[in-house]
Amino acid sequence: MKRLTRWFSKNLIRIYAGLAFIYLFIPVLYTFIYSFNDSGKTNLIWKGFTFEKWSNPCGAPDICSALGNSFLIGFTSTFVSTVLGTLIAFALGRYKFRGRSTTNLLIFLPMATPEIVLGASLLTMFINFGFNTSLLTAIIAHVMFCISFVVVTVKARIASLDPRLEQAAMDLYANEWQTFRRVTFPLVLPGVAAAALLAFSLSFDDFIITNFTAGTVNTFPKFVYVAAGRGIPAQANVIGSAMFIIAVTVVILGQVLGNKRKSKVS
Amino acid sequence: MAVISRPSGKVFALKDNKSLFPYLLLAPGLLWLFMFFILPIANLAQMSTKTNSGETGQFEQTYRFANFFDSFMDASGQFARSFLYATLATLIALAIAYPLAYAIAFKSGKWKNVLLVLVIAPFFVSFLLRTIAWKQILGEEGPVTAILRTLHIISPQTTLTSSAFAVVTGLAYNFLPFMTLPIYASLERIDPRTLEASGDLYANGFTTFRKVTLPLSMPGVVAGTLLTFIPAAGDYINANILGNPNTKMLGNVIEARFFKIVDYPTAAALSFTLMAAILILVTFYIRKAGTEELV
């Protein structure tokens, strides 16, 4: 009994963390389980097990075109925001210049503004300028709110670099450009990859800003939200679960490959 | 995602470059933020003092600043509720996230990176789907209600969905990763030698935590609470899916005025009031918590 109590108090924090993970994953598990539900139009009550929805994920009307739009918006805005944000991060992380604190403030403000205000202000501007909301305006909006997150992520990576590595490259007669290309950039790349992943997941999952800026263009979150009123087809659960499985597999594979390469180098 | 930059390291690698090069790096991104963040906010400000000219969707500039006051009085209940729910959700998320981040940073060994991925992994299942899943989990047919009823914790008539409880649970759940990651980042940066030093000076585990670990992790706590509180205060999805008409938040009002009533001026005024309230709170909070390095 005493040993049990001691084990318990020693591992209390681990048990707590385990419970927190259960809390995080219960809805994910629910979404996954109900993707096998042999349901009709609504997917609220368990009716029996079927693979049918997994074999026909596009079976619900409009779901796959909405998903396609989400991917298009996600990839485009990830690419643009990662490039723009990484450039800013390098300027902030590597140079002294006038207007630094203003720049920092301009990066911070979009993150400190609720999404509904961002969406409402963009829509107001598009209306004022007589600009029709479409796929393009949605991409513009997504790039805007992703930039700050990219800057913050890449900047943290730049700040954590050991400056001695670059000094060593310079000592070995590499010029500034060679140092950047052969030393600095490869070291910062994992940060850029993490930023891109973050930008994509923020964009892909965004509903509020998209609802204000995409006009009649449907995206996957918009599809789910509209469908929520009259019952969500189980195909939405299939797509959500599949995205989850793909993303986790890709990230863990990347991790394993990265570890292998690291152990080869050392 | 570390929101706080490392205080060391930064100081000695900066190049004092008098050329225009850093500005070239900044230009495209800052131009984008200017055109699609600053300019829209200016448009929103301009819209907020207009009045309806009779026809739906047509507005005239009349510099009617009373829009701010009127809309605030109309929605003061939802306003207060937004801040109350967001505060509760932030506190719940903090209580769950801090030990979680602590366990990942100090107790997970080689599993650290996998666990970090797991923290953000739920993002990949659309948050709408997860919120709807909560509705099922807390619903009449769901396990939570059944368990609580058998244990006689709630009466057979009590329902968990369509309630303030469900909305706050949903908010705390949705923004949990935004709380966990900054706290983890600041815990992970703590030099283990400072903890050893504390032990060498005869501090017990709890004292070390209280006097060393917790103060050093404050920047992460500040960043995490902001990243949770701000989106939670502006959210309307959780209130829509998990709430009832009496749990509507300010976001619901703004959304309805934009899309259903097509009253852009008061929607704009309300958006502005929300943003101003949040910025004032954030400024005070950062001052109080004593961290300037937020970005």
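Calculation notes
Residues numbered from 1 in each chain as written. Chains lettered and ligands numbered in written order. Predicted model: local features only at pLDDT ≥ 70, side-chain atom pairs only at ≥ 80, totals over all residues. Heavy atoms only, no water. Disulfide = S-S within 2.5 Å. Helix = DSSP H or I, 4+ residues; strand = E, 2+ residues; numbered from the N terminus. Expected span 1.5 Å × (residues − 1). Buried < 20%, exposed > 50% of the residue type's maximum accessible area, 1.4 Å probe, protein only. Contact = heavy atoms within 4.5 Å. Buried area = accessible area lost by both parts, 1.4 Å probe. Salt bridge = Lys/Arg side-chain N within 4 Å of Asp/Glu carboxyl O. Nonpolar A, V, L, I, M, F, W, Y, C, P; charged D, E, K, R; others polar. Axes fitted to C-alpha atoms, helices over the stretch in contact; angles between N-to-C directions. Parallel < 35°, antiparallel > 145°, perpendicular 65-115°, else oblique. Left-handed = near helix turned anticlockwise from the far one by under 90°. Patch = residues over 30% accessible without salt bridge, like charges linked within 9 Å, V, L, I, M, F, W, Y side chains within 5 Å. Areas by Shrake-Rupley, 256 points an atom, 1.4 Å probe, with all protein chains shown as cover. Phe/Tyr/Trp six-rings, centres within 6.5 Å; stacked < 30°, edge-to-face > 60°.

Engineer: Whenever I open this one, the state of the cysteines confuses me. Can you help?
Structural biologist: As used here, a disulfide is simply a covalent bond connecting the sulfur atoms of two cysteines. Residue and element names in this part refer to chain A. Applying the stated criterion across every chain yields a total of one disulfide over all chains. There is a disulfide in this structure between C58 and C64, and the S-S distance comes to 1.9 Å. Residues C58 and C64 are joined by a disulfide whose S-S torsion is about -85 degrees; by sign, that bridge is left-handed.

Engineer: Would you mind going over helix α12 (residues 218-234) of chain B with me for this structure?
Structural biologist: For an α-helix the count is 3.6 residues per turn, leaving residues at separations of three or four pointing the same way. Look at α12 of chain B: 24 Å from first C-alpha to last across 17 residues, which is about the 24 Å you get at 1.5 Å a residue. Within α12 of chain B, 15 of the 17 residues are buried, which leaves it mostly tucked inside the rest of the structure.

Engineer: Where do I start with the interface of chain A and chain B in this structure?
Structural biologist: Interfaces are often described in size by the accessible area the parts lose on coming together. Tallying the contact residues gives 92 residues for chain A and 92 residues for chain B. Note on chain A versus chain B: buried area summed over both sides is about 8800 Å², and carbon and sulfur give 79% of it. Contact with chain B buries surface across chain A, with Y23, L24 and Y95 of chain A losing the most and accounting together for 8% of the total. Inspection of the chain A/chain B interface yields one salt bridge. Note that R130 of chain B is salt-bridged to D205 of chain A, the shortest N-O span being 4.0 Å. For the side of chain A that touches chain B, the element with the most residues is helix α2 (residues 12-33) of chain A, which contributes 14 residues. For the side of chain A that touches chain B, the class distribution of residues is 68 nonpolar, 16 polar and eight charged.

Engineer: What is the right way to read the packing of helix α4 (residues 76-107) of chain B against helix α8 (residues 164-174) of chain B from this model?
Structural biologist: A pair of packed helices is captured by two measures, namely the crossing angle of their axes and the spacing between those axes. Residues and elements named next belong to chain B. Packing of α4 against α8 brings their axes to within 8 Å, and their N-to-C directions diverge by 55 degrees. As summarised for this structure, α4 and α8 are arranged oblique, according to the angle between their axes. Judged by the twist between their axes, the crossing of α4 over α8 is right-handed. Here Y85, L88, A89, I92 and A93 of α4 lie close against α8, whose contacting residues are A164, V167, V168, L171 and A172. Residue composition of the contact of α4 with α8, by class: 10 nonpolar, no polar and no charged.

Engineer: I keep staring at a nonpolar patch on the surface and nothing clicks. Help me out?
Structural biologist: All names here are of chain A. Together, L29, F32, I33, W46, F49, F51 and I245 give the surface a local cluster of nonpolar side chains, amounting to about 700 Å² of exposed area. When residues of the nonpolar patch are assigned to their parent elements, the largest contribution, three residues, is made by α2. Relative to the assigned elements, I245 resides in helix α12 (residues 234-265). For I245, a relative accessible area of 39% corresponds to the partly exposed category.

Engineer: Would you take a moment to explain the packing of aromatic side chains for this structure?
Structural biologist: Any aromatic ring pair is given by two values, namely how distant the centres are and how the planes are angled relative to each other. Residue and element names in this part refer to chain A. Applying the stated criterion across every chain yields a total of 39 aromatic pairs over all chains. Taking the centre distance of 6.2 Å and the plane angle of 25 degrees together, the rings of F71 and F200 count as stacked. With a gap of 129 residues between them, F71 in helix α4 (residues 63-94) and F200 in helix α9 (residues 176-205) connect regions that are remote in the sequence. A relative accessible area of 25% places F71 in the partly exposed class. The buried category is assigned to F200, whose relative accessible area is 12%. An aromatic cluster is built from F32, F36, F49, F51 and W54, whose rings are joined through pairwise contacts.

Engineer: What exactly am I supposed to notice about the pattern of salt bridges here?
Structural biologist: For side chains of opposite charge, pairing can occur when their charged atoms come near one another. All names here are of chain B. Counted according to the given criterion, the structure contains eight salt bridges over all chains. Residue E188 is joined to K112 by a salt bridge in which the shortest nitrogen-to-oxygen separation is 3.9 Å. Taken as a pair, E188 in helix α9 (residues 176-188) and K112 in helix α5 (residues 112-120) lie far apart in primary sequence, 76 residues in all. Here E188 falls in the partly exposed class, since its relative accessible area comes to 40%. One salt bridge connects D191 with R193, and the closest N-O pair in it is separated by 2.7 Å. Given a relative accessible area of 29%, D191 falls into the partly exposed group.

Engineer: Just checking my understanding: could you explain the side chain of S198 of chain B for this structure?
Structural biologist: Positionally, S198 of chain B belongs in helix α10 (residues 192-200). Aside from chain neighbours lying at most four places away, what touches S198 of chain B is A203, T208 and V212 of chain B.

Engineer: Whenever I open this one, the environment of L181 of chain B confuses me. Can you help?
Structural biologist: All names here are of chain B. Topologically, L181 is positioned in helix α9. Take L181: its relative accessible area is 11%, and that puts it in the buried class. Each C-alpha atom of the pair L181 and L100 lies 9.8 Å from the other, and the pair is 81 residues apart in sequence.

Engineer: I'm lost on unusual backbone geometry in this one. Help?
Structural biologist: For residues other than glycine, phi is negative in most cases, and the peptide bonds are mostly trans. Residue and element names in this part refer to chain B. In the Ramachandran plot, Y202 falls in the positive-phi region, its phi being about 65 degrees despite a non-glycine side chain. In this fold, Y202 is placed in the loop between α10 and α11 (205-216). Note on Y202: relative accessible area 79%, which makes it exposed. For V262, which is not glycine, the phi torsion reads 50 degrees and is therefore positive. Among the structural elements, V262 can be located in the loop between α14 (250-259) and α15 (264-289).

Engineer: Honestly, the packing of helix α7 (residues 135-159) of chain A against α9 of chain A in this entry has me stumped. Any pointers?
Structural biologist: Residue and element names in this part refer to chain A. Between α7 and α9, the shortest axis-to-axis distance is 8 Å and the interhelical angle comes to 150 degrees. Classified by the interaxial angle, the pair formed by α7 and α9 is roughly antiparallel. α7 and α9 meet at a crossing whose hand is right-handed. Between α7 and α9, the contacting residues are H142, F145, C146, F149, V150, T153, V154, R157 and I158 on the first element and L187, V188, P190, G191, V192, A194, A195, L198, A199, L202 and S203 on the second. Partitioning the contact of α7 with α9 into residue classes produces 15 nonpolar, four polar and one charged.

Don't take any of this as a statement about function, it's just geometry.
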